[in-house]
Amino acid sequence: MGPQIELEGDVLRANVSVFAALGAPVAAVVKHDGYGWGARRLARELDGVVESYVVADEDELAALRPATVKPVRLLGDAQPGRLAAVLGLGGIPNVSTREALAEAAAEAIRRGSFPVRIGVVDAAGWSALRPADVAAFAHAAAGTGLSVELWTHLTSAARSAAALEALVAARAAFEAAGVRVTSIDAASTASARPGVAFDRQRIGVGLFGARLGAPVDNRCALRVTAPVVRRFAPGQIGWAGYGDLPVPGDRSVAVLRSGYGDGFPKKMVDGVDILSVGMQYTTRVMHDGADPRILIGPDDDVDRLAVRAGIGSHELVLGLAPR
Ligand SMILES: *Cc1c(COP(=O)(O)O)cnc(C)c1O
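Bear in mind the structure is a predicted one, so any value in this text is a computation, not a measurement.

Q: Could you give an account of the site of the ligand, with specific residues and numbers?
A: Around the ligand there are 13 residues in total, and K31, Y35, T189, V205 and H314 lie nearest to it. A distance of 2.5 Å separates an oxygen atom of the ligand from a polar atom in the side chain of T189. A distance of 2.8 Å is found between an oxygen atom of the ligand and a backbone nitrogen or oxygen belonging to V205. The protein chains hide 93% of the 390 Å² of surface that the ligand would expose on its own. Of all the secondary-structure elements, those providing two or more residues to the shell around the ligand are α2 (31-35) and β9 (201-203). In terms of residue class, the shell around the ligand is made up of six nonpolar, five polar and two charged.

Q: Break down the sheet that holds strand β15 (residues 274-277) for me, citing the residues and quoting the values.
A: Overall, antiparallel pairing links the four strands, which are arranged β11-β14-β16-β15 in an open sheet. With one partner strand each, in any of the chains shown, β11 (228-232) and β15 form the two edges of the open sheet. The sheet shows a mean angle of 15 degrees between the axes of neighbouring strands, taken without regard to direction. When β15 meets strand β16 (residues 282-285), the two strands line up antiparallel, connected through three bridges. The residue of β16 that forms the bridge with I274 is R284.

Q: Explain the sheet that holds strand β1 (residues 4-7) residue by residue, including any values.
A: Strand order in the open sheet made by the three strands is β1-β10-β17, with antiparallel pairing throughout. The outermost strands of the open sheet, each flanked by one partner alone, are β1 and β17 (294-296). Each strand of the sheet is rotated relative to its neighbour by a mean of 25 degrees, with strand direction disregarded. Relative to strand β10 (residues 222-225), β1 is paired through four bridges, and the arrangement is antiparallel. Among the inter-strand pairings, E6 is bridged to a residue of β10, identified as R223.

Q: Explain the domain arrangement of the protein to me, and be specific about the residues and the numbers.
A: We note that the domain assignment places domain 1 (7-208) and domain 2 (222-320) within the protein. The interface is formed by nine residues belonging to domain 1 together with eight residues belonging to domain 2. Taking both sides of the interface into account, the surface hidden between domain 1 and domain 2 amounts to around 780 Å²; carbon and sulfur atoms contribute 72%. On the surface where domain 1 and domain 2 come into contact, there are one residue pair in polar contact (both at pLDDT 80 or more). Taken together, the residues of the side of domain 1 that touches domain 2 sort by class into six nonpolar, two polar and one charged.

Q: Pulling in residues and values, what's your account of empty space enclosed by the protein?
A: Picture a little ball the size of a water molecule; that probe, rolled over the atoms, points out where space is still empty. Counted by the stated rule, this structure contains one cavity of 30 Å³ or more. Empty space within the largest cavity amounts to approximately 40 Å³. Residue lining of the largest cavity: A78, L83, N94, V95, A100 and E103, and that is the complete set. In the lining of the largest cavity, the residues fall into four nonpolar, one polar and one charged.

Q: Residue-level account of the side chain of S183, with values.
A: With respect to the helices, strands and loops of the structure, S183 is situated in strand β8 (residues 181-185). By relative accessible area, which is 5% here, S183 ends up buried. In this structure the side chain of S183 is engaged in a polar contact, spanning 3.1 Å, whose partner is the side chain of R200.

Q: Tell me about the pairing of strand β2 (residues 26-29), and name the residues and values.
A: Residues V26 and A28 line one face of β2 and the alternating positions A27 and V29 line the opposite face, and both faces are buried. Sheet topology places β2 next to β9; three bridges connect them, and they run parallel. Along β9, the bridge assignment pairs A28 with I203. Pairing between β2 and strand β3 (residues 52-55): three bridges, direction parallel. Residue pairing across strands places V29 opposite V54, the latter belonging to β3.

Q: Describe helix α7 (residues 134-141), listing the residues and the values that go with them.
A: Within α7 the residues assigned to the buried category are V134, F137, A138 and A141. All buried residues of α7 fall inside an arc of 100 degrees around its axis, so they share one side. Every exposed residue of α7 that faces more than 90 degrees away from the buried side is listed here: A135 and H139. Looking at the buried positions of α7, the neighbouring elements they touch are α6 (98-111), β6 (115-119) and α8 (157-176). Looking at the residues trailing α7, positive phi occurs at G143, about 85 degrees.

Conventions we followed
Residues numbered from 1 in each chain as written. Predicted model: local features only at pLDDT ≥ 70, side-chain atom pairs only at ≥ 80, totals over all residues. Heavy atoms only, no water. Near = heavy atom within 4 Å. Polar contact = N/O pair within 3.5 Å; in protein donor to acceptor, adjacent residues only side chain to side chain. Areas by Shrake-Rupley, 256 points an atom, 1.4 Å probe, with all protein chains shown as cover. Helix = DSSP H or I, 4+ residues; strand = E, 2+ residues; numbered from the N terminus. Nonpolar A, V, L, I, M, F, W, Y, C, P; charged D, E, K, R; others polar. Pairing = 2+ DSSP bridges. Axes fitted to C-alpha atoms, helices over the stretch in contact; angles between N-to-C directions. Domains from an automatic or database assignment. Contact = heavy atoms within 4.5 Å. Buried area = accessible area lost by both parts, 1.4 Å probe. 1 Å grid on protein atoms, 1.4 Å probe; cavity = no way out; pocket = protein on both sides within 12 Å on 5 of 7 lines; lining within 4 Å. Points joined across faces, edges and corners; volume = space filled by probe spheres on them. Buried < 20%, exposed > 50% of the residue type's maximum accessible area, 1.4 Å probe, protein only. Arc of directions from axis to C-beta.

Now the structure itself:
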């Protein structure tokens, strides 16, 4: 019998509230099948408290749609020729090229005005305009009948002031061109702040309990509970796991049925609590008053666990997802 690896719905919903308290509703980012936990499953937990959802592409939109009637925003442009399908699924499409803009303009003639998302990000890897290209793009969007949801991604604290300046300048450029800007969003978990909440916040890993520096008091929504398969009394055994770590002579040791094969990172070994992490088994020192079965629980901190494992918080959350 393996570990129980769970997501606490109540904690997920409470985490939405603490981000919303920064000043704008939360769009739950459920890309990569809800960070591995299932986009539809997250939607079932979150649908009553989120403003909308964010996914990567049409496939993710189609997979999520049966679980919600709320708006779903896309991070990437539709594949050429697929815009009508995205709109048909109730997706709010992203537009970052002239070709995508032309397809959206043609669609607007057929069905009337609809919003498209236009990003302004001065970094590779995003389906967005570079700030220098905004004015010309705004000009091209004028007269299409499309309205615009402007967004940016604050990739680093050092450059976030410049990114916000570019966003505000982009709003002015679109409005000067006669294009209606219906909303603005900028924040993800790491950049969430009262000052950048704008009209919504795009929160992904923060829903699971990561903060990444955001001034919120969210909680760990992950639970890993492993069955104890063996116990050793104090002094009964000298070495843990593959024989590399000494067991404190005054302590009991528990062997748990959970390991890196379940997503519990090998590098969680600290020699104080966790003595070894194998593919299926973890050995741990028993501490008075603590339940040895709880490997990750309500008192844990997602970011601290990730640091301890030498990985990012996103990677920790994804790694623990059911496989
Ligand atoms: C993934 C993503 C988010 C959510 O990021 P988290 O760090 O998980 O909150 C927000 N915005 C964009 C553009 C993204 O790609």
